[in-house]
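Architecture at a glance
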Amino acid sequence: MATRANAPRRRWAVRATAALAAVALAELATCAQATYNVLFILVDDLKPTLGAFGDEEAKTPYMDDLLSRGTVFQSMSCSMAICGPSRASLISGRHADATQTWAFQPTFRKVSPELMTLPGHLRQETNHRAVGVGKILDNRNFNTDGELAPDLCGQDTWENADNVHCSWDEYITPKQMRQEPLCNGKTALRWAADDYEDWDQYDQFEAIILEIDNVTRHEDYCIGLIGREKLVELAANATEQPFFLAVGFVKPHLPWTGPRADFESFRTDPDSTILPPPEIQMDLDDNIFWTEQSSSWTKPSSNAELEKYEGWDTYDASDLVRAYYASTAFVDRQIGALISTLDNEIDETVRNNTMIILWGDNGYHLGDFGLWGKKTNLENSARVPCGIVAPPAWTAISGNEVQVGAHSDSPTDSVDLYPTVLDILGVDPPSDQTFSGTSLVPIMKNSSAQVRAAALSEYVSYENSNFMGYSIRTQSYRLIVYMKLSNKGVFDYSTAKKMELYHYGEPGAFETINRIDDDNYADVKAEMLALIGDPSDPDWTHLLGVAPFDA
Ligand SMILES: *[C@@H]1O[C@H](CO)[C@@H](O)[C@H](O)[C@H]1NC(C)=O
Ligand SMILES: *[C@@H]1O[C@H](CO)[C@@H](O)[C@H](O)[C@H]1NC(C)=O
Ligand SMILES: *[C@@H]1O[C@H](CO)[C@@H](O)[C@H](O)[C@H]1NC(C)=O
Ligand SMILES: *[C@@H]1O[C@H](CO)[C@@H](O)[C@H](O)[C@H]1NC(C)=O
C-alpha cells in the first residue's frame with residue numbers, strides 16, 4: 001500500500017502487549033486498510049434532547065439507533081457554551097484558555113499558527129483525506145472577511161499559508177451551498193421558506209419558527225445530501241486513502257425551521273408541553289434567584305438570542321420548546337440518511353473500518369430558569385450530547401471489546417475526543433503539542449470507568465465581562481468560580497469572586513440551591529477547589545485531574 005498509514009502506529013501500538021500486536025497484525029492483513037476512517041457528525045445547538053439520553057418527548061429514532069451501537073457519554077461538557085470557541089476546542093483538543101478562542105477574535109490561527117488540529121494531524125500522519133461539509137468550524141474564528149472556508153489547506157490567506165498547519169483538503173461551507181448548485185443541481189436556501197427563492201432577500205430575523213412543505217433545498221437537507229455524496233466518494237478510495245469526514249448540521253440552531261409535518265407532530269398532543277420540571281420553571285426577572293441563590297453572577301441577557309426574531313413573544317413557551325424538538329427531529333432524519341448510506345451504499349470492509357462520532361457543540365436553555373439559549377455555566381448550557389461508535393474491525397481485535405449500547409455518567413470533556421480518535425486509530429499525538437484531554441477508550445470498554453475527576457466549561461460573567469466563570473462538573477457536583485481576566489488571558493485566583501456549588505444528587509434541587517456557604521458542604525467545596533487548582537501554575541489549563549495526554 002502506497003500510503004503512509006503503515007508507519008505511524010508508534011506509541012499506542014507499543015503499549016499493546018506482544019500478543020495483542022500479533023492479533024492486530026493478523027487482523028490488519030485481512031482488512032484491506034491499515035488505519036481507520038472517521039465520520040464525525042456535528043449538530044449545532046443540540047442539547048441531549050434525544051431518546052438515547054432518556055428524553056421521552058424526543059423524536060430521534062435515527063440518532064438513538066446510531067448511539068445504541070456504541071457508547072453514550074451522558075455527562076460531557078463543552079469548553080464554552082458557544083459555537084466558535086466550543087468547536088475550536090474540539091478540533092484542537094484544548095480548552096478555551098489554551099486556544100485563547102473565547103469569542104471570535106483574535107482568530108484561531110493568529111494565536112496558534114502551528115497547532116495541529118485533529119483532521120490536520122491525520123492528514124500529515126496517516127494521509128487521511130480530511131473533508132468538511134456544512135458547519136464544522138465557525139468561519140468567524142478563522143477568516144475576518146467571512147468568505148473563505150475555515151482552515152482549508154492551500155487557501156491563500158495569512159492564516160494558513162502552508163499545507164501543513166491547516167485542517168482540510170476540502171471544505172464545503174453552507175455559504176458555498178447557497179451560491180453554487182451543489183444540492184441536486186440547486187442552491188440551498190438559507191432560511192428555506194418555500195416562497196423565498198432568493199435567500200438574500202429574506203431577513204434572517206423575520207420569523208423564529210418557519211414551517212415548510214418542501215425541504216429539498218433546506219440547508220440541512222443539502223448538508224446531508226452532500227455529506228452522503230462525499231461519503232460514497234471517499235469510501236470508494238478508502239483502501240488507498242483513509243478519510244476523515246466531518247458533516248456539520250445547522251439545526252436546531254435558531255430560527256427553528258423544518259418540515260411542517262414535524263411541527264404538527266409535536267402539536268397533536270396539546271397536553272404535552274415538554275417544559276422543564278416545575279422547580280426550574282422561573283422567570284428571568286426572579287431577582288432572588290439570580291442575585292442570591294444561584295446567579296451565575298446575576299441574570300444573563302441570554303434571551304437576547306430569541307428577542308432578535310420578529311414576533312418571538314407571540315408564542316407560548318411550549319410552542320418554542322416544541323419547535324426546538326421539531327427542528328431536532330428533522331436533523332435526526334438527515335443523520336439517519338447519512339448512516340443509511342454508510343450501512344448500505346459503501347463497501348462492507350470500509351464500513352467495518354469506520355468510526356462514528358455524534359456531538360452537539362453546546363447545550364441549550366429551553367425556558368428553564370427563565371433562560372432561552374446557551375452562554376451560561378449552568379448544566380443545561382454546558383452539557384452536550386455525545387456518542388462514539390468504534391470501527392467494528394477495531395472492536396473485533398482482542399483487547400478492544402467495547403460495551404455496545406452502554407451509557408456512561410462519568411464526567412467527560414469535548415476536548416477528550418481528539419485523543420480518543422488518535423487512540424483508536426493508533427496514531428501518536430503531534431509532538432510538542434499540549435492537550436487538555438484524555439482518551440475515552442477506557443470508558444468505551446467499561447462504562448463504569450472514569451478518565452477524569454471533573455469536566456471543565458467556562459463562560460464569562462454577565463455582570464462584569466472582566467471575570468471568567470469556571471464551571472467544574474464532577475459526577476454529583478458543580479462548582480462555578482468567577483475569576484478576573486487579565487490582559488494576558490491569565491486569571492488571577494486571588495480575585496476569585498462569587499462562587500456557586502450545586503449538588504445534583506439532591507432530589508429536585510438541581511441548581512436551585514447554592515451550597516457554597518453551607519457548612520455541610522465544606523469538604524466538597526474544598527475538594528472541588530483543589531480540582532480547579534492554582535491558576536498561577538503555567539500548566540493550569542491542562543490539569544484538572546487529568547495527566548497530560550502524551551506523558
Ligand atoms: C421540491 O423542490 C424541488 C426542488 O426545487 C423540486 O424539484 C420538487 O419537485 C419539489 N417537490 C414538491 C413535492 O413540490
Ligand atoms: C486515492 O488515494 C490515492 C492515495 O492517497 C490518491 O493519490 C488519489 O488521489 C486518491 N483518489 C481520489 C479519487 O481521491
Ligand atoms: C464486518 O464486520 C462484521 C461484524 O464484525 C463481520 O461479521 C463481517 O464479516 C465484517 N465484514 C468484512 C468484509 O470484514
Ligand atoms: C469497570 O470499572 C469499575 C470502576 O473503575 C471497576 O470497579 C470494575 O472492576 C471494572 N470492570 C471491569 C470488568 O474491568
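Please refer to the structure placed before this passage.
These remarks concern the structure in this document. Every value quoted in this text rests on a predicted model; they were computed, and no experiment measured them.

Notes on the overall build of the protein
Along the backbone of the protein there are 19 helices and 17 strands. The buried share of the protein, taken over its 551 residues, is 61%. A fraction of 72% describes how many contacts in the protein between residues 6 or more apart in sequence connect residues 24 or more apart. Per element, the accessible surface of the protein, about 20400 Å² overall, is 48% carbon and sulfur.

Quick notes on the site of ligand 2
For ligand 2, the full set of nearby residues is Asn127, Asn237, Glu240 and Gln241. The side chain of Asn127 places a nitrogen or oxygen atom 3.3 Å from an oxygen atom of ligand 2. Between ligand 2 and Asn237 there is a distance of 2.4 Å, counted from an oxygen atom to a side-chain nitrogen or oxygen. Contact with the protein chains covers 42% of the free accessible surface of ligand 2, which is 350 Å². Residue classes in the shell around ligand 2 are distributed as no nonpolar, three polar and one charged.

Here's the deal with the state of the cysteines
Each disulfide consists of one covalent bond between the sulfur atoms belonging to two cysteines. On inspection of all chains with the given rule, the structure shows two disulfides. With a sulfur-sulfur separation of 2.1 Å, Cys153 is cross-linked through a disulfide to Cys166. Between Cys153 and Cys166 the sulfur-sulfur dihedral comes to about 100°; the bridge is accordingly right-handed. With Cys153 in the loop between β3 (129-134) and β4 (170-172) and Cys166 in the loop between β3 and β4, this residue pair connects regions lying 13 residues apart in the sequence. Classification of Cys166 as buried rests on a relative accessible area of 1%. There is a disulfide in this structure between Cys183 and Cys222, and the S-S distance comes to 2.2 Å. Of note, the bridge from Cys183 to Cys222 carries an S-S torsion of about -85° and is left-handed in sense. Placement of the pair is Cys183 in the loop between α8 (174-179) and β5 (209-212) and Cys222 in helix α9 (residues 219-236), with a sequence separation of 39 residues. Comparing Cys183 with Cys222 shows no difference in burial state: the two are buried. Once the bonded cysteines of the protein are numbered in order along the sequence, the disulfide links fall as 1-2, 3-4.

Structural notes on the side chain of Ser436
Relative to the assigned elements, Ser436 resides in the loop between α17 (417-425) and α18 (441-445). Ser436 sits in the buried class, given a relative accessible area of 2%.

Examining the pattern of salt bridges
Two side chains carrying opposite charge are able to pair once their charged atoms lie near each other. Counting across every chain of the model gives 27 salt bridges. Arg109 serves as the salt-bridge partner of Asp151, at 2.8 Å between the closest nitrogen and oxygen. Residue Asp151 is located in the loop between β3 and β4, and its partner Arg109 is located in helix α6 (residues 108-111); the two are separated by 42 residues in the primary sequence. The exposure classification of Asp151 matches that of Arg109, with both residues buried. Across the pair Arg473 and Glu379 runs a salt bridge whose closest N-O atoms are separated by 2.9 Å.

With respect to the site of ligand 1
Close to ligand 1 lie Lys186, Asn214, Thr216 and Arg217, which account for all nearby residues. One of the side-chain N or O atoms of Asn214 is found 2.4 Å from an oxygen atom in ligand 1. The separation between an oxygen atom of ligand 1 and a polar side-chain atom of Thr216 is 2.9 Å. Here ligand 1 loses 33% of its free accessible area of 360 Å² to cover by the protein chains. Partitioning the shell around ligand 1 into residue classes produces no nonpolar, two polar and two charged.

Things to note about the packing of helix α7 (residues 118-126) against α17
Two numbers describe a pair of packed helices, the interaxial angle and the distance between the axes. One way to put it is that α7 packs onto α17 with a least axis distance of 10 Å and a crossing angle of 25°. Between α7 and α17, the interaxial angle falls into the category roughly parallel. Both α7 and α17 take part in a crossing whose hand is right-handed. Counted together, Leu118, His121 and Leu122 of α7 and Tyr418, Val421, Leu422 and Leu425 of α17 form the full contact between these two elements. Here the residues of the contact of α7 with α17 sort into six nonpolar, one polar and no charged.

Things to note about empty space enclosed by the protein
Scanning all chains against the criterion turns up one cavity of 30 Å³ or more. Size it by volume and the largest cavity reaches roughly 50 Å³. Taken together, Phe40, Leu42, Leu90, Ile91, Leu118, Pro119, Ile136, Phe244 and Ala246 form the lining of the largest cavity. Among the secondary structure elements, those contributing two or more residues to the lining of the largest cavity are β1 (37-43), α4 (83-92), α7 and β6 (243-249).

A word on the nonpolar core
Nonpolar side chains tend toward joint burial in soluble globular proteins. Counting 64 residues, the largest nonpolar core has Leu39, Ile41, Leu245, Trp256, Ile335 and Leu358 as the members making the most contacts within it. At 13 residues, helix α13 (residues 317-344) tops the list of elements feeding residues into this core. Among residues more than four places away in sequence, those in contact with Ile41 are Leu66, Val247, Phe249, Ile335, Leu338, Ile339, Ile356, Ile357, Leu358 and Trp359. Counting 51 residues, the second largest nonpolar core, distinct from the first, contains Met76, Leu115, Ile424 and Ala449.

What to know about α13
Its 28 residues give α13 an end-to-end C-alpha distance of 41 Å, which sits within 8% of 40 Å, the value for a rise of 1.5 Å per residue. Burial runs high along α13: 21 of the 28 residues are buried.

Looking at the pairing of β3
Of all six residues that make up β3, five are buried, and the element is covered over most of its length. Where β3 and β6 come together, six bridges link them in parallel fashion. When the bridges of β6 are listed, Gly134 appears paired with Gly248.

Describing the layout of surface pockets
Reported here for the largest pocket is a volume of approximately 880 Å³. Every residue lining the largest pocket is counted, 33 residues in all, and those nearest its centre are Lys135, Asp138, Arg140, Arg190 and His253. Tallied by class, the residues present in the lining of the largest pocket amount to 13 nonpolar, six polar and 14 charged. Looking at the second largest pocket, it is lined by 27 residues, and the ones nearest its centre are Lys47, Pro48, Asp55, Asn380 and Arg383. At the level of secondary structure, the elements contributing two or more residues to the lining of the second largest pocket comprise β2 (71-77), α13 and α15 (379-382). Among the residues forming the lining of the second largest pocket, the class breakdown is 12 nonpolar, six polar and nine charged.

As for the environment of Ala454
Within the element layout of this structure, Ala454 appears in the loop between α18 and β14 (455-460). For the pair Ala454 and Asp413, spaced 41 residues apart in the sequence, the C-alpha separation amounts to 8.5 Å.

Rules of the game
Residues numbered from 1 in each chain as written. Chains lettered and ligands numbered in written order. Predicted model: local features only at pLDDT ≥ 70, side-chain atom pairs only at ≥ 80, totals over all residues. Heavy atoms only, no water. Helix = DSSP H or I, 4+ residues; strand = E, 2+ residues; numbered from the N terminus. Buried < 20%, exposed > 50% of the residue type's maximum accessible area, 1.4 Å probe, protein only. Contact = heavy atoms within 4.5 Å. Areas by Shrake-Rupley, 256 points an atom, 1.4 Å probe, with all protein chains shown as cover. Near = heavy atom within 4 Å. Polar contact = N/O pair within 3.5 Å; in protein donor to acceptor, adjacent residues only side chain to side chain. Nonpolar A, V, L, I, M, F, W, Y, C, P; charged D, E, K, R; others polar. Disulfide = S-S within 2.5 Å. Salt bridge = Lys/Arg side-chain N within 4 Å of Asp/Glu carboxyl O. Axes fitted to C-alpha atoms, helices over the stretch in contact; angles between N-to-C directions. Parallel < 35°, antiparallel > 145°, perpendicular 65-115°, else oblique. Left-handed = near helix turned anticlockwise from the far one by under 90°. 1 Å grid on protein atoms, 1.4 Å probe; cavity = no way out; pocket = protein on both sides within 12 Å on 5 of 7 lines; lining within 4 Å. Points joined across faces, edges and corners; volume = space filled by probe spheres on them. Core = buried A, V, L, I, M, F, W, Y, C linked by side-chain atoms within 4.5 Å. Expected span 1.5 Å × (residues − 1). Pairing = 2+ DSSP bridges.

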